[in-house]
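# Remarks on the overall topology
Chain residues, written in single-letter form:
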Amino acid sequence: VQLQASGGGLVQAGGSLRLSCAASGRTFIGYDMGWFRQAPGKEREFVAGIRYSGGSTYYANSAKGRFTISRDNAKDTVYLQMNSLKPEDTAVYYCAAGPPKYSTVVTTPRGYDYWGQGTLVTVSS
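Worth saying up front: this structure is predicted, and the values here are computed from it rather than measured.

Counting its regular elements, the protein contains zero helices and eleven strands. Reading the protein from its N terminus to its C terminus gives the helix and strand order β-β-β-β-β-β-β-β-β-β-β. Oriented by its inertia axes, the alpha-carbon framework of the protein measures out at about 40 × 25 × 25 Å. Within the protein, contacts between residues at least 6 apart in sequence are counted, and of these 58% link residues at least 24 apart.

A few words now on the environment of Leu80. Take Leu80: it is sitting in strand β8 (residues 77–82). Accessibility expressed as a relative area gives 0% for Leu80, which makes it buried. A C-alpha to C-alpha distance of 17 Å links Leu80 and Arg44, two positions 36 residues apart in sequence. Aside from chain neighbours lying at most four places away, what touches Leu80 is Leu17, Arg18, Leu19, Trp35, Val47, Ala48, Phe67, Thr68, Ile69 and Tyr93.

A few words on the nonpolar core. In terms of nonpolar packing, the biggest core is built from 29 residues, with Met33, Trp35, Leu80, Met82 and Tyr93 touching the most fellow members. Taken together, the elements giving at least two residues each to this core come down to β1 (2–6), β3 (17–24), β4 (32–38), β5 (45–50), β7 (67–72), β8, β9 (91–98) and β11 (119–124). Here Met33 is in contact with Leu3, Cys21, Phe28, Ala48, Gly49, Ile50, Ile69, Arg71, Val78, Ala96, Ala97 and Tyr112, once residues within four sequence places are set aside.

Right, let's get into the pattern of salt bridges. If you walk through the whole model with that rule in mind, you get four salt bridges. We note a salt bridge from Arg37 to Glu45, for which the minimum N-O separation is 2.6 Å. Asp89 is the partner of Arg37 in a salt bridge, and the nearest nitrogen-oxygen pair spans 2.9 Å. One end of the pair, Arg37, is in strand β4; the other, Asp89, is in the loop between β8 and β9, and 52 residues separate them in sequence. You'll find Arg37 and Asp89 in the same group, each marked buried. A single network of salt bridges, built from pairs that share partners, joins Arg37, Glu45, Arg66 and Asp89.

Applying the stated criterion to the full structure yields one disulfide. With its sulfur 2.1 Å from that of its partner, Cys21 forms a disulfide with Cys95. Given an S-S torsion of about 65°, the disulfide between Cys21 and Cys95 has right-handed geometry. Here Cys21, found in strand β3, pairs with Cys95, found in strand β9; they are 74 residues apart in sequence, far enough to count as distant. Pair check on accessibility: Cys21 and Cys95 agree, each one buried.

Let us now look at unusual backbone geometry. Positive phi, close to 55°, is recorded for Asp76, a residue that is not glycine. Structurally, the position occupied by Asp76 is in the loop between β7 and β8. Judged by its relative accessible area of 27%, Asp76 falls in the partly exposed class. With a phi close to 50°, Ser84 is a non-glycine residue in the positive phi region. Considering the arrangement of structural elements, one finds Ser84 in the loop between β8 and β9.

Conventions we followed
Residues numbered from 1 in each chain as written. Predicted model: local features only at pLDDT ≥ 70, side-chain atom pairs only at ≥ 80, totals over all residues. Heavy atoms only, no water. Helix = DSSP H or I, 4+ residues; strand = E, 2+ residues; numbered from the N terminus. Contact = heavy atoms within 4.5 Å. Buried < 20%, exposed > 50% of the residue type's maximum accessible area, 1.4 Å probe, protein only. Core = buried A, V, L, I, M, F, W, Y, C linked by side-chain atoms within 4.5 Å. Salt bridge = Lys/Arg side-chain N within 4 Å of Asp/Glu carboxyl O. Disulfide = S-S within 2.5 Å.

Here's what the structure looks like:
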């Protein structure tokens, strides 16, 4: 699976962005999808995930109530709607695809086999 993330940019605190991740190459619907982020000097961390069917979503505590993950299996695309952005949300955001090995979405990077190139989100105060 090839993944192409887009939608990052510079936004003021309190603003919104929608990230997109377009998949190609294999059957998109067969994969759980996740969004991760990595700030300078920090480890990559889980942000949100969605089951292959789209029936279940999972969020990091930092994202709950502000971010929404969704997928359009007809368009082979997963989205991350980010509202009420904070300066601490500044990071490179990565989308990832992984096989649904367990009963829930995996929240660690090693649970994902395919990664997009990342898109930079900068939130100014």
